[in-house]
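In case you want the letters, here they are:
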Amino acid sequence: MGSCPDELLDWAKTLARTLAEQSPADTFTVTKAQLHRDTIERIDRYRDDENMLAQRLWVEHAGSMAGSNATWTPRRARQARRSLAADGPRRRRGRSAAPSR
């Protein structure tokens with residue numbers, strides 16, 4: 001007999017496969033979009049502030065990561081930041097901008 005997490009994973013996969021086979025594709029697509037909508041809007045709304053924070057943290061930790069990725073230096077981080085800023089905010093394909101709140 002397998003361990004509980006393995007049994008649970010097998011059961012979940014079987015159930016997911018059964019539900020997928022019984023669900024019309026268009027219904028699944030609409031439901032998935034509805035479930036993801038708030039998350040996508042939140043990501044779009046906070047992208048600029050959180051990207052800058054994430055970039056700052058990566059630069060701060062670059063020294064400790066030098067052994068695993070020696071090419072990621074503060075200079076390279078600045079270049080990447082300028083490149084990202086020049087591109088402007090990116091949107092996922094097929095999605096419009098999130099409404100401002």
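Keep in mind the model is a prediction, meaning the values are calculated, not measured. (Residues numbered from 1 in each chain as written. Predicted model: local features only at pLDDT ≥ 70, side-chain atom pairs only at ≥ 80, totals over all residues. Heavy atoms only, no water.)

Topic: the overall build of the chain
Right, on to step 1. Looking only at helices and strands, the chain has three helices and zero strands in total.
Right, on to step 2. Scored against the burial criterion, the 101 residues of the chain give a buried share of 8%.
Right, on to step 3. Summed over all atoms, the accessible surface of the chain reaches about 8700 Å², with 56% contributed by carbon and sulfur. (Helix = DSSP H or I, 4+ residues; strand = E, 2+ residues; numbered from the N terminus. Buried < 20%, exposed > 50% of the residue type's maximum accessible area, 1.4 Å probe, protein only. Areas by Shrake-Rupley, 256 points an atom, 1.4 Å probe, with all protein chains shown as cover.)

With respect to the pattern of salt bridges
Right, on to step 1. Applying the stated criterion to the full structure yields one salt bridge.
Right, on to step 2. Linking Arg47 and Asp44 is a salt bridge whose minimum nitrogen-to-oxygen distance equals 2.9 Å. Linking Arg47 with Asp44, this pair stays in helix α2 (residues 25-61), spanning three residues, or about one helical turn. The pair formed by Arg47 and Asp44 is uniform in burial state, with each residue classed as buried. (Salt bridge = Lys/Arg side-chain N within 4 Å of Asp/Glu carboxyl O.)

A closer look at α2
Right, on to step 1. Its 37 residues place the ends of α2 only 44 Å apart at the C-alpha level, less than the 54 Å of an ideal helix rising 1.5 Å per residue.
Right, on to step 2. Of all the bends in α2, the greatest, near 65°, is centred on Arg47.
Right, on to step 3. Listed as buried for α2 are Ile40, Glu41, Asp44, Arg47 and Gln55. (Expected span 1.5 Å × (residues − 1). Bend = angle between axes of the 7 residues up to and from the residue.)

Topic: the confidence of the model for the chain
Right, on to step 1. Taken over all residues, the pLDDT of the chain has a mean of 76, while the share at 70 or more is 66%.
Right, on to step 2. Every residue in residues 91-101 scores below 50 in pLDDT, and together they form 15 contacts with partners more than four places removed in sequence or on other chains. (pLDDT = per-residue confidence, 0-100. Contact = heavy atoms within 4.5 Å.)

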